[in-house]
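Architecture and fold: a report
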Amino acid sequence: MPASSKQLVTAAAILVAAVTLLPIAVVAADGMAASPRAVLDYLLRPHIGELLGNTVVLVLVTVPACLVLGVGAAWLVERTDLAFAGVWRVALGAPLAVPAFVASYAWISIWPGLDGLGGAALVTTAAYFPFVYLPVAAILRDLDASPVEDARALGATPFAAWWRTVLPRLRPAASGGALLVALHLLAEFGVLEMMRYQTFTTAILVQYEVSFNSHRGSLLALVLTLLCLTVLTFEHLLRGTARTSRVGRGVHRRADPVRLGRWSPIATTALGLVVVIALVVPVTTVGRWLLAHLTTPDTDAFPRPSLLLTTGSSVSLALAAAALATAMAFPGAWLLSRRRTGWTMLLERATYVASSLPGAVIGLAMITLTVSYLPGIYQSPFILVLGYTILFIPRAMISLRAGLAAAPPELGEAARSLGTGPVGAFRRVVLPLMLPSVLTGAALVAIAAATELTATLLLAPTGTSTLATAFWAASDEFDYVGAAPYAAMMILLSAPLTVLMLRQSGIEQ
Amino acid sequence: MRRRTLITTALTSSVLALSACGGAGESYSPDPDALQIYSSQHDNLTQAWAEGFEEQSGIATQIRPGEDASMGHMIVEEGAESPADVFLTENSPAMTLVEQNDLLAPVDDSTLELVPKDRRPSSGNWTSVAARSTVLVYNPDEIAESELPESLMDLQKPEYQGMWGAGATQADFQAIVAGMLADQGEEKTAAWLEGLQENAEIYKHNVATMNAVNAGEVPMGVIYHYYWYRDQAETQEGSGNTKLHYFRNGDPGAFVSLSAAGVLKNAEHPKKAQEFLAYILSDEGQKVLETSGSKEYSVAKGATSDPDLPTLESLEAPAIDPVDLDSEKVTQMMTDAGIL
């Protein structure tokens, strides 16, 4: 790449990082506005200890559970002789189409006593494990058998061969997935509120409800940011530095599937259980309420916003956010793939921090900013889309990074040496290779944006209601029947995007 | 694969197109000519008022929903730039907050005269438009009527540990505590909050509390009356196993909370805003409370409430001037007690 365009990309990446860090700067300034004494008094309370304990315990239960489920399921589906692998492959990724707070609404409506850590961990694990399963399955599906065979030939036991040749190649995918799960857990609100499980995020929302822009809420958000930085550091250590792209596939050979034998029924039952918990229960419950909605005559005392209108706003906002997030993630992902230095990694990581904060915190910071400095865009759709982008840009980033890894720099250089210009090389070589990942990333952002709740409540232009806010308003009054159409529409909208993602994660590697 | 991708994309975009068509008739962007209503009142009530007003006056309205305290603070933060013309609340402390920041215009005298003096603040900067009463909901299978506390203050006693629930993080409940603070003073209220922290199960809001009592998770709950009456009138899913206990005798547990309406000083449409308030307090506007199934009390002179409810006068509420309800102090005290 010529020096000038490289500088341009670097400048763009820095700008993007700065935009995503801006809300955090606002929060920090607000939290620190109180005297150090008041800050300490507030933070060193037993209540904060409780919140910290709850948050950490939830992460420590759910992340390993997602790793075990995700890697285990991926291995069973991709590397064994499991029957109907194609069906399982789809069914295990499909829970992504069910927003976590919709799943918790389904669970709480059939099992009202399900709350606390158990309920929270059950629902979040079921909702989030595909973040691990999908990337790991993609790697396993196409893994070259020869390193394992080499290791075996050199005298390693089957397990040691797997441990030393397969596991290191799974590490980036699994740890990336685990990172997404952890960040989601830190920011999760809807599920935990329904499960009466208090974490920093639910406490921040309480602070916001009692006093809008309080120093206390900001202080909690700062603690949450520290937790996020801890998670990021942890993931960095877990990830390792294995390179997953190959130049030329050579004598690439798929490994023979492992025979399950008498383990087969156990494996099938376990996967079946996962699918029932993560997919069948939420979807059938929503379907049941929807049926009730359709069959009861209109005796509704609560006028609800029209389904088509809310769907329209949700879809357009989600598509706008997907486009903006992909565009904004590009410079950072490109720099990182071409030049992996501490500096570029910092730029990339910076964009992750905001995503661990609850939407409400980002929303509030953006309100503060726009009210004071940009009244022209206050309560405009743009500011909402930017809020979504800041929250969900890591999803685009992680996918783009994978896509660029699939298009190693050598290929672009080869095209250049054959006389193609830099733009031509990008368009004809790099873009086709990374397009699937771009679409996957955009789909992930769109799904998240279409179902985001707390930032939407704050930032949506007056008169705009989305599926998520309309659903929440109804479910908040335990009006399951009234909430069902919005829940069903969110699942329906996420479904094609999820299918797209499932397909792409198959092509990608 | 590529073909399938195309199909998926086509599918997604057709959904988009479909919804865009469906939405064409209705607007979902801010309308500069419409009366901007910031409302933390229940959606159904606000909608009913807005629709009735639109029909009668031909003036378009747009509603921004929110929660009492956060919306009050939001208006304060927006200050003179606030797009709001009218602010509607569930409880009055959020309105008092906006008033203290000098952001309210005086309500037209003709409108104020529609409401008895003891149901509005002496300042005249806002008015009540509806009212709700504190009640104790209980499950007779879990606790006998004879064992019920005589006063709300009794709930701090050790014998009620684990015996009651409340939506303590919500403005509804905080208004009740603000009433207690105004009536009983700081010391007694702080002690009661300690008792709450010890004794109570914290639920998300009134409905969750009532459902928990109904399900036998906890024997009693402190809520507002109309959630119970509404559920009784509908499916009774959340209240079928429960009864109501009224404290009366001017007890802090008989506190009546006023829903408030005010016009913003910097409103774009001040005249329309005053007209809207006048409409809510007119016979037609108050009739909405009586007949829509909202089960909140009407407050205007001569207006009658839903016949299912005991009359507002029979509740023997403590006499408290709404300007004395200090929500900021209450949240500070609840934070100190480790509840928030």
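What you see as residue numbers is a count from 1 along each chain, following the sequence as written. Each chain gets a letter, beginning with A, and each ligand a number, beginning with 1, in the order they are written. Where totals are concerned, whole chains, interfaces and linings use all residues; where local detail is concerned, this predicted model gives features only for residues with pLDDT of at least 70, and gives and counts side-chain atom pairs only at 80 or more. Side-chain metrics in this entry use all non-hydrogen atoms of the structure; hydrogen atoms and water are not considered.

Per-residue confidence from the prediction method is given by pLDDT, with values spanning 0 to 100. The share of residues in chain B with pLDDT of 70 or more is 91%, and the mean pLDDT across the chain is 89. Taken together, the chains of this predicted complex give a pTM of 0.84 and an interface ipTM of 0.77.

All names here are of chain B. When a residue's accessible area, from a 1.4 Å probe over protein chains only, is under 20% of the maximum for its type it is buried; when over 50% it is exposed; and in between it is partly exposed. Where helices and strands are cited, they refer to DSSP runs of H or I of at least four residues and of E of at least two residues respectively, numbered from the N terminus. Within strand β5 (residues 127-138), 12 of the 12 residues are buried, which leaves it mostly tucked inside the rest of the structure. Being paired, for any two strands, means DSSP has found at least two bridges between them. With 6 bridges connecting them, β5 and strand β10 (residues 256-264) associate as antiparallel partners. Bridge pairing links R132 to S257 in β10. Sheet analysis places β5 next to strand β8 (residues 220-224), joined by 5 bridges and oriented antiparallel. When the sheet's bridge partners are listed, V135 is paired in β8 with I223. The pairing of β5 with strand β9 (residues 243-245) spans 3 bridges and is classified as antiparallel. Bridge pairing in β9 places Y138 opposite K243.

The next subject is empty space enclosed by the protein. Residue and element names in this part refer to chain A. Definitions used for this entry: grid spacing 1 Å over protein atoms alone; cavity, a set of points where a 1.4 Å probe fits but cannot get out; pocket, an open set with protein on both sides within 12 Å along at least 5 of 7 lines; lining residue, one with an atom within 4 Å of a point. Grid points are joined across faces, edges and corners, and a volume is the space filled by probe spheres set on the points. For the structure on display, the rule yields 10 cavities of 30 Å³ or more. For the largest cavity, the calculated volume is near 590 Å³. Of all the elements in the fold, those that place two or more residues in the lining of the largest cavity are α5 (100-110), α6 (116-128), α9 (158-187), α17 (381-406) and α19 (422-450). Classifying every residue of the lining of the largest cavity gives 22 nonpolar, 7 polar and 3 charged. Throughout, the ten residues Ala, Val, Leu, Ile, Met, Phe, Trp, Tyr, Cys and Pro are labelled nonpolar, Asp, Glu, Lys and Arg are labelled charged, and all others, Gly among them, are labelled polar.

With that out of the way, let us pick up the nonpolar core. In a soluble, globular protein the nonpolar side chains are often hidden away together inside. Buried Ala, Val, Leu, Ile, Met, Phe, Trp, Tyr and Cys residues that are joined via side-chain atoms within 4.5 Å together make up what is termed a nonpolar core. Core analysis: the largest hydrophobic core is formed by 188 residues, its most contacted members being L92, V102, Y105, Y133 and F471 of chain A together with F87 of chain B. Leaving out residues up to four positions away in the same chain, F471 of chain A has contacts with F101, V102, Y105, M194, A483, Y486, A487 and M490 of chain A. With 87 residues, the next largest nonpolar core counts M153, Y203, A212 and L325 of chain B among its residues. Contact definition: two residues touch when any of their heavy atoms are within 4.5 Å.

Nonpolar side chains (Val, Leu, Ile, Met, Phe, Trp, Tyr) are joined into patches within 5 Å and like charges within 9 Å, using only residues with over 30% relative accessible area and no salt bridge. Surface exposure here means Shrake-Rupley accessible area, sampled with a 1.4 Å probe, where a residue is shielded only by the protein chains that are shown. For this document, the term salt bridge refers to a Lys or Arg side-chain nitrogen within 4 Å of an Asp or Glu carboxyl oxygen. Judged by side-chain polarity, I14, W343 and L346 of chain A come together as a nonpolar surface patch covering roughly 320 Å² of accessible area. For I14 of chain A, the position within the fold is in helix α1 (residues 3-31).

Residues and elements named next belong to chain B. Where like charges cluster on the molecular surface, the negative patch consists of E51, E54, E55, D283 and E284. Mapped onto the negative patch, the elements with two or more residues apiece are α2 (43-57) and α11 (283-291). Top contributing element to the negative patch by residue count: α2, with 3 residues. The class for D283 is exposed, based on a relative accessible area of 69%. When charges are counted, Lys and Arg contribute as positive and Asp and Glu as negative, whereas His and the chain ends are disregarded. To locate a charge, the coordinates of NZ of Lys, CZ of Arg, CG of Asp or CD of Glu are taken.

We now examine α17 of chain A. All names here are of chain A. The span one expects for a helix is its residue count, reduced by one, times 1.5 Å. Taking 1.5 Å as the rise per residue, α17 with 26 residues should run 38 Å; its terminal C-alpha atoms sit 35 Å apart, in good agreement. Most pronounced at F392, the bend in α17 amounts to some 55°, and the proline P394 follows within four residues. Of all 26 residues that make up α17, 21 are buried, and the element is covered over most of its length. Here the bend at a residue is taken as the angle between two axes, fitted respectively to the seven residues that end there and the seven that start there.

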